[in-house]
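Structure at a glance
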Amino acid sequence: MNLKKNNVRGIFVDLQKTFDCVNHNILLNKLSFYRITGGFLQLIKTYLQDRYQRVVLNNNYFISISDWGEITQGDPQVSILGPLLFLLYINDLPHSINKNNKIAYLLMIQV
C-alpha cells in the first residue's frame, strides 16, 4: 500500500460575534455582485441603513446617557435574515484562500 504523507490544516472559527462585524457597505456590494437587485436590494438597504443606538447607564446614584451613534456594521439582533446575509457575506471566503495550499476550514455557528 502506497501511503503519501500529506499535511492537514484546519481553520476553526468561532462565529459567535461575527454578525457584529458585517460591514453594511461591503454586504450591499456583494449582494449587487450576486445580482440581487431591484426591490429586494432596496429592502435590504432600508433594513440595514439609518439605524442608530445609544447607551443608557442607570444606577441608584446617577444616569449617564451617550450620544446617538449610527450603526454601520452588524446585523440587527434576533434577525431572521441575519444568517442568510452573513453566508452571502462570507461566500467568497474559499476564493480568498491561496489555491496552492490545501486548507480545510470549519465554520462553527452557534444558533
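Everything below is about the structure printed above this text.
For clarity, every value in this text was computed on a predicted model and none was experimentally measured.

The subject of this paragraph is the overall build of the chain. When you go through the chain residue by residue, the secondary structure sums to four helices and six strands. Ordered by position from the N terminus, the helices and strands of the chain form the series β-α-α-β-β-β-β-α-α-β. Counting the 111 residues in the chain, one finds 21% classified as buried. If you take every contact in the chain between residues at least 6 apart in sequence, the share linking residues at least 24 apart comes to 62%. Accessible surface, the chain as shown: approximately 9300 Å² in total, 55% of it carbon and sulfur.

All right, on to the packing of aromatic side chains then. Here a ring pair, both rings aromatic, is described through the centre-centre distance and the interplanar angle of the planes. Applying the stated criterion to the full structure yields one aromatic pair. A cation over an aromatic ring shows up here: Lys30 above the ring of Tyr89, its NZ or CZ 4.9 Å from the ring centre. Cation over ring: Arg51 sits above Tyr47, and NZ or CZ is 5.7 Å from the ring centre.

A cluster of nonpolar residues, Val56, Ile63 and Ile65, forms a patch on the protein surface that exposes about 280 Å² of accessible area. With respect to the helices and strands, Val56 occurs in strand 3 (residues 56-58).

What counts and how
Residue numbers restart at each chain and count upward from 1, following the sequence in its written direction. Only residues with pLDDT of at least 70 get local features here, since the model is predicted, and only at 80 or more are side-chain atom pairs given and counted; chain-wide, interface and lining totals rely on the full set of residues. The basis for every side-chain value is the complete set of non-hydrogen atoms in the structure, without hydrogens or water. A run of H or I in DSSP becomes a helix once it reaches four residues, and a run of E becomes a strand once it reaches two; helices and strands are each numbered from the N terminus. Throughout this description, buried means an accessible area under 20% of the type-specific maximum (1.4 Å probe, protein chains only), exposed means over 50%, and partly exposed covers the range between. Throughout, a contact is declared for two residues whenever any of their heavy atoms are within 4.5 Å. The accessible surface values rely on the Shrake-Rupley method and a 1.4 Å probe; as for residues, cover is taken only from the protein chains in view. Two rings belonging to Phe, Tyr or Trp (six-membered ring only in the last case) form a pair when the distance between their centres is within 6.5 Å. Interplanar angles under 30 degrees mark stacking, angles over 60 mark edge-to-face geometry, and anything in between is tilted. We call a charge positioned above a ring when the Lys NZ or Arg CZ atom is no farther than 6 Å from the ring centre and deviates by at most 35 degrees from the ring normal. What goes into a patch is any residue over 30% in relative accessible area without a salt bridge, connected to like charges within 9 Å or, for nonpolar side chains (Val, Leu, Ile, Met, Phe, Trp, Tyr), within 5 Å. The rule for a salt bridge is simple: a side-chain nitrogen of Lys or Arg has to be within 4 Å of a carboxyl oxygen of Asp or Glu.

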